[in-house]
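Chain and residue survey
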Amino acid sequence: DSSDGKGSEACLLPRNIPLALQWACDTDAEHFYREADNYDGPVRFLTSRSRIQPYSWTYQPFCLFGDSIGSSTICVWTDHNFGGGRGISIVADVEDAKTIGTSGPFRNSDYLKESNVPSYTYPPFEQRALPGKGFGLIANTTLHLGNRLFAHTPVFAVQDSRAAELTENDLELLYELGIKRLPEKTRKIYMDLHGHFGGHAISDRLVTNAFDLNDYSAVFPETSRLNHDCRPNAHYYFEKSTFTHYVHIIRTVLPGEELTISYISPYLNHKQREIRIKGQWGFKCDCKLCTSPPMFTKASDERLALIFDLEEELDDLSLNRTASPDIALQLISLYEQERFVTPAAEAYTYAALEYSYIGNKPMAQKYAAKAHELNLIWRGPTNKYSRGMRNLMLEPENHPSWLYSEKPRGDITIHTPNDEKEDEKNEPMVDAE
Ligand SMILES: C[S@@+](CC[C@H](N)C(=O)[O-])C[C@H]1O[C@@H](n2cnc3c(N)ncnc32)[C@H](O)[C@@H]1O
């Protein structure tokens, strides 16, 4: 156990230790720190190997300390082997780095078999400059519901709650080292990304391109090239076990069409969408839904309000509930009118549950199958709600919702899609193992 003294001590670490524990000599970080001469905060290096094991980080972490080592310490963690060798830098506290660094995708490269694929010889899209939007991806062939566009790991991630405790100067110092330590090719991929707001180049790319992953802002450079549409033709989900964004086509796309994802919740009305897009992303949404004549945006807003009311009615599992399968069928129709393709998994889930509550097996199975099919590209196959609908489809009688209307209330728990939205807000980015 060496002291937690100056960075030069890191160069004394034995170089013949197993690769997984070998850190590059940290002179770059030390040099970097000295260069940042306007920085006068408490900076030290974590040189104690025993504190870091068994992480597989490529470099010794560079940390800014609070009063004591532990909760108020935030560091840059870089792994060059991650993601099929393209690497990742993470700005996070020691506790989270331990959870992440010892999770499957960081420990075992088999976890990443499916990540960073497909690497196309002839991609089904081209990157083109689009007036007023920077670049975007344009389909060059016909694509269909369920086609996988790509699956990639992030190259940079920042723990938001910790970042919020730092000054801008401190954060920029950590960001600069994080990007500097990435493999050269990956650094270039990051720096080539679009910056919308100007100012510090790395921070600008982060705010312009990061996806929200439960207390992390993470940059997935491929997904980031997709521009926004409120009713998009592609959708991504994040899979914790592989640390990967999976992006699928959600409706037929013809050659020449721009590939898009939605940056916001599909349930927001016209005004809410305008505020959210402008406030968070800095541009005015010009998608077909937002620019249609007022009578159409008004009709859409009314449908969205009705969807909200019907879901509330369907969520009510009390003895005097008023919901029925008919209400769920009305919900499906509203989702269709709103061009909610994959979110329709929610409406099908409600219908499957309603039929299951009254013991109608064929109809429960029919809608559970529809929900399951869409869930595979909406939430991903391992999501617990996707698995729930699969179970209802295969064995309705064993699902907690089966014949619920004949059971005394309060003795079982049924998860409806709205529980899921709450759950997701509280889920950590990786499961502790
Ligand atoms: C994640 S990036 C998308 C890819 C980016 N256009 C590029 O060149 O790499 C987000 C930025 O793209 C632009 N953008 C995305 N969707 C847009 C849209 N619907 N209308 C105008 N600009 C858009 C905005 O500048 C936004 O800050």
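Residues numbered from 1 in each chain as written. Predicted model: local features only at pLDDT ≥ 70, side-chain atom pairs only at ≥ 80, totals over all residues.

Looking at an unreviewed UniProt entry, the protein carries the name SET domain-containing protein, with the source organism given as Aulographum hederae CBS 113979.

1. Points about the overall build of the protein
If you tally the helices and strands in the protein, you get 16 helices and 14 strands. Excluding contacts between residues fewer than 6 apart, the proportion of contacts in the protein whose partners are at least 24 apart in sequence is 61%. (Helix = DSSP H or I, 4+ residues; strand = E, 2+ residues; numbered from the N terminus. Contact = placed C-beta atoms within 7 Å.)

2. Structural notes on helix α14 (residues 361-378)
For α14, built from 18 residues, the straight-helix expectation of 26 Å at 1.5 Å per residue is met to within 8% by its first-to-last C-alpha distance of 25 Å. Taken together, the buried positions of α14 are Ala364, Tyr367, Ala368, Lys370, Ala371, His372, Leu374, Asn375, Ile377 and Trp378. Residues of α14 that are buried sit in contact with β12 (234-239), β13 (244-249), α13 (344-357) and α15 (384-394). (Expected span 1.5 Å × (residues − 1). Buried ≥ 20, exposed ≤ 12 C-beta atoms within 10 Å, placed from the backbone.)

3. Side note on the sheet that holds β13
The pairing of strands in a sheet happens through backbone hydrogen bonds and is either parallel or antiparallel. Spatial ordering of the open sheet is given by β7-β13-β12, a layout of three strands whose pairing is antiparallel. Looking at which strands have only one partner, the edges of the open sheet turn out to be β7 (148-152) and β12. Neighbouring strand axes in the sheet, compared pairwise and without regard to direction, differ in orientation by 15 degrees on average. Relative to β13, β7 runs antiparallel, the two sharing four bridges. Residue pairing across strands places His152 opposite His245, the latter belonging to β13. (Pairing = 2+ DSSP bridges. Axes fitted to C-alpha atoms, helices over the stretch in contact; angles between N-to-C directions.)

4. A short note on the sheet that holds strand β11 (residues 227-228)
A sheet is described by the order of its strands in space; here four strands give the open sequence β5-β6-β14-β11, paired in mixed fashion. At either end of the open sheet lies a strand with only one pairing partner, and these are β5 (125-130) and β11.

5. Some points on the UniProt feature "domain: SET" (unreviewed entry) in the protein
Following the UniProt record, the feature "domain: SET" (unreviewed entry) maps to residues 123-264 here. Within the segment residues 123-264, helix and strand shares are 24% and 32% respectively, and the terminal C-alpha atoms sit 27 Å apart. (UniProt positions renumbered as here; feature names shortened; annotations may be inferred.)

6. Details of the site of the ligand
Residues in close proximity to the ligand total 20 residues, the closest being Gly134, Phe135, His194, His196 and Asn227. Of all elements in the fold, only β6 (134-139), α9 (201-209) and β11 reach the threshold of two or more residues within the shell around the ligand. Ranked by residue count, the leading element in the shell around the ligand is β6, at three residues. (Near = placed C-beta within 6 Å.)

7. Brief notes about the packing of helix α11 (residues 294-315) against helix α12 (residues 325-337)
Interaxial distance between α11 and α12 falls to 10 Å at its minimum, and their mutual angle equals 150 degrees. Considered as vectors, α11 and α12 are oriented roughly antiparallel to each other. Classified by chirality, the crossing of α12 by α11 is left-handed. From α11, Arg303, Leu306, Ile307, Leu310, Glu311, Glu313 and Leu314 reach across to α12, where they touch Ile327, Ala328, Gln330, Leu331, Leu334 and Gln337. Among the residues forming the contact of α11 with α12, the class breakdown is eight nonpolar, two polar and three charged. (Parallel < 35°, antiparallel > 145°, perpendicular 65-115°, else oblique. Left-handed = near helix turned anticlockwise from the far one by under 90°. Nonpolar A, V, L, I, M, F, W, Y, C, P; charged D, E, K, R; others polar.)

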